[in-house]
Amino acid sequence: MDLTKNAELMLKRNYPKIATKLYGTGILKKQKFTLNNNAQRFAFATLGDAITYAVAVYKKKLSDINLVEEAEMKAMIIDYAMNQAKDVRTDVTSMEGLVQKLATVCLNLQNNSAKHNEAETASGGSIARYTPTPTKLSDILIVTNDNVKSYLLNSFLANTFHNEGIDLTNHIVSFDDMGGVYKITEEVTVTSSDVEKMQAYGDYQIAVGDTIPVDTVLTFEPPKDGGFYNNTTPKFKEIKPDNDLFAVVLDINAIRYKRYTKDMLKEPFYNGEFDEVTYWVHYYSMKAISPFYNKVVIKGSQN
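Computed from a predicted structure; not experimentally measured.

Another aspect to go through is the side chain of N145. Structurally, the position occupied by N145 is in strand β3 (residues 140-145). Residue class for N145 comes out buried when judged on its relative accessible area of 3%. At a separation of 3.1 Å, a polar atom in the side chain of N145 contacts the main-chain amide nitrogen of N147. Among the polar contacts listed, one links the side chain of N145 to the backbone oxygen of D244, at a separation of 2.8 Å.

What follows is the structure, encoded as structure tokens:
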């Protein structure tokens, strides 16, 4: 590691699998909503009704934040599993085979082994190679879809956890759809037809001519036309497994997540011309996957 070089270049050279836009540093995020006093006077009978409505809008924005954070977290885990994880097992052709493989993986992760982490990639391969990271049964997390979860809860694997005093339902995170999140694969220049939809999904600062860089993650499907397509070829891909026979088994400590929400509701701005009040919600969010903890990906070989 050459400490005389530029710090950013040094990090990119020695931590190539960590320093990415998807599972990298945290960012400041914003939400905005505007309430019109005149509209509230016409629509509500009492001042209390108007206040209730304003509070409900604020709660809705907080709910939107939670939905976006969940989608980004799912995308981060699935993308890491599909592109960065070292231990990937694909010889699964049925739900029974998936459960059997999951049972084997749960045993593997409890061993004092370096086979199931990516520690060597995080240090350029010189420091952390052969770093064993055993995972306790109570720290195992399974990320999969609802079909696999419902099958698991009626399997012998659930009894194995139960015998150790562990409720398996608390160790499975499942989704009805493992996709629904998209990653930019080619630089996008925003057009006028893109702006309306992106603003509708909360990106109120987007403007014509803006550039969306490669590896940016969108929690909604990009517009069908405009800058997101090169003729008919999309400049993005959906982050999604090939089929339902899919599970990521990892140490819960591998997921690093911080969200700072103190003083998130900023002082509102009043526009006297239209009698409108605009509110901003600012919060800091950081998501990361640590390569120093165990992860195993199980993929089905057919639908």
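That was the structure; now back to the text.
Counting 25 residues, the largest nonpolar core has L98, L102, I142, L152, F161 and V249 as the members making the most contacts within it. Non-local contacts of L102, meaning those with residues more than four positions away in its chain, are made with I142, L152, L157, A247, V249 and I298. Listed in part, the 23 residues of the second largest apolar core include M76, Y80, L141 and I289.

Each strand in a sheet pairs with its neighbour through backbone hydrogen bonds, running either in the same direction (parallel) or in the opposite one (antiparallel). The strand order β2-β16-β12-β3-β4 describes an open sheet built from five strands, whose pairing is mixed. The open sheet has two edge strands with one neighbour each: β2 (87-92) and β4 (172-175). When strand polarity is set aside, the average angle formed by the axes of neighbouring strands in this sheet is 15 degrees. Bridging between β3 and strand β12 (residues 246-251) involves five bridges; their strand directions are antiparallel.

Turning to a nonpolar patch on the surface, a few remarks are in order. On the surface, a cluster of nonpolar side chains totalling about 330 Å² of accessible area is made up of L28, Y260 and Y284. Counting through the fold element by element, Y260 comes out in strand β13 (residues 255-260).

Moving on, we come to the pairing of β12. Burial within β12 is extensive, with six of its six residues counted as buried. Neither face of β12 is exposed, since F246, V248 and L250 on one face and A247, V249 and D251 on the opposite face are all buried. Relative to strand β16 (residues 295-300), β12 is paired through five bridges, and the arrangement is antiparallel. Opposite F246, over in β16, you have K299 as the bridge partner.

It is worth spelling out the packing of helix α4 (residues 95-109) against helix α7 (residues 156-163) at this point. Relative placement of two packed helices is described by the angle separating their axes and the distance separating the axes. Running from N to C, α4 and α7 point in directions that differ by 30 degrees, and their axes come no closer than 9 Å. Considering the angle they form, α4 stands roughly parallel to α7. Contact residues: V99, Q100, L102, A103 and C106 in α4; F156, L157 and F161 in α7.

This brings us to the sheet that holds strand β5 (residues 182-184). Strand order in this open sheet of three strands is β8-β5-β11, and the pairing throughout is antiparallel. Either end of the sheet is taken by a strand with one partner, and the two such strands are β8 (217-218) and β11 (236-238). In the sheet, β5 pairs with β11 via three bridges, with the strands oriented antiparallel. Residue pairing across strands places Y182 opposite E238, the latter belonging to β11.

For the rest of this paragraph, the subject is unusual backbone geometry. With a phi close to 60 degrees, N231 is a non-glycine residue in the positive phi region. Mapped onto the elements, N231 comes out in the loop between β9 (229-230) and β10 (233-234). On the accessibility criterion, N231 (73% relative accessible area) is exposed.

Another aspect to go through is the environment of L62. If you trace the backbone, L62 turns up in helix α3 (residues 47-83). Residue classification places L62 among the partly exposed residues on the basis of a relative accessible area of 27%. Between the alpha carbons of L62 and V281 there is a distance of 8.6 Å; along the sequence they are 219 residues apart.

Bringing the packing of aromatic side chains into the picture now. Counting across every chain of the model gives three aromatic pairs. An angle of 90 degrees between the planes, with centres 5.6 Å apart, marks the rings of Y229 and F236 as edge-to-face. Like F236, Y229 is buried. Each residue in the set Y182, Y229 and F236 is aromatic and connected to the rest through ring pairs, giving one cluster.

Let's shift gears to helix α8 (residues 192-200). Along an α-helix, residues three or four apart share an orientation, since each turn contains 3.6 residues. Along α8, the residues that are buried comprise D194, V195 and M198. All buried residues of α8 fall inside an arc of 105 degrees around its axis, so they share one side. Away from the buried face of α8 by more than 90 degrees, exposed residues S192, E196 and A200 are located. Tucked inside the fold, the buried residues of α8 contact β6 (188-189), β7 (211-212) and β8. One or two residues past the end of α8 sits G202, with phi positive at roughly 105 degrees.

Reading the values: rules and limits
Every chain is numbered on its own, with residues counted from 1 as its sequence reads. Per-residue local features of the predicted model are confined to residues with pLDDT of at least 70, and side-chain atom pairs are confined, for both listing and counting, to 80 or more; whole-chain, interface and lining totals are unaffected and use all residues. Excluding hydrogens and water, the side-chain values take into account all heavy atoms of the structure. The helix count covers DSSP runs of H or I at least four residues long, the strand count covers runs of E at least two residues long, and both are numbered beginning at the N terminus. The buried label applies to any residue whose accessible area, calculated with a 1.4 Å probe on protein chains only, is under 20% of its type's maximum; exposed applies above 50%, and partly exposed to all values in between. We define a polar contact as two N or O atoms separated by no more than 3.5 Å, with the added condition that, inside protein, one atom must be a possible hydrogen donor and the other a possible acceptor, whereas residues neighbouring each other in sequence contribute only through side-chain atom pairs. Only buried residues count toward a nonpolar core, which is a set of Ala, Val, Leu, Ile, Met, Phe, Trp, Tyr and Cys residues joined through side-chain atoms within 4.5 Å. Two residues form a contact once any of their heavy atoms are found within 4.5 Å. Note on pairing: DSSP must find at least two bridges between two strands before they are called paired. Each axis is a line fitted through C-alpha atoms, and for a helix only the stretch in contact is used; angles between axes span 0 to 180 degrees, taken between their N-to-C directions. Only residues above 30% relative accessible area that lack a salt bridge enter a patch, with like-charged residues linked at up to 9 Å and the nonpolar side chains Val, Leu, Ile, Met, Phe, Trp and Tyr linked at up to 5 Å. Note on areas: Shrake-Rupley, 1.4 Å probe, and residue coverage restricted to the protein chains presented here. Just to be clear on terms, a salt bridge is a Lys or Arg side-chain nitrogen sitting within 4 Å of an Asp or Glu carboxyl oxygen. In what follows, roughly perpendicular refers to angles from 65 to 115 degrees, roughly parallel to angles under 35, roughly antiparallel to angles over 145, and oblique to any angle outside these ranges. Note on aromatic pairs: the rings of Phe, Tyr and Trp (six-membered ring only in Trp) are paired at centre separations within 6.5 Å, and the planes decide the class, stacked below 30 degrees, edge-to-face beyond 60, tilted for the rest. Arc definition: it is the arc formed by the directions from the helix axis to the C-beta atoms.

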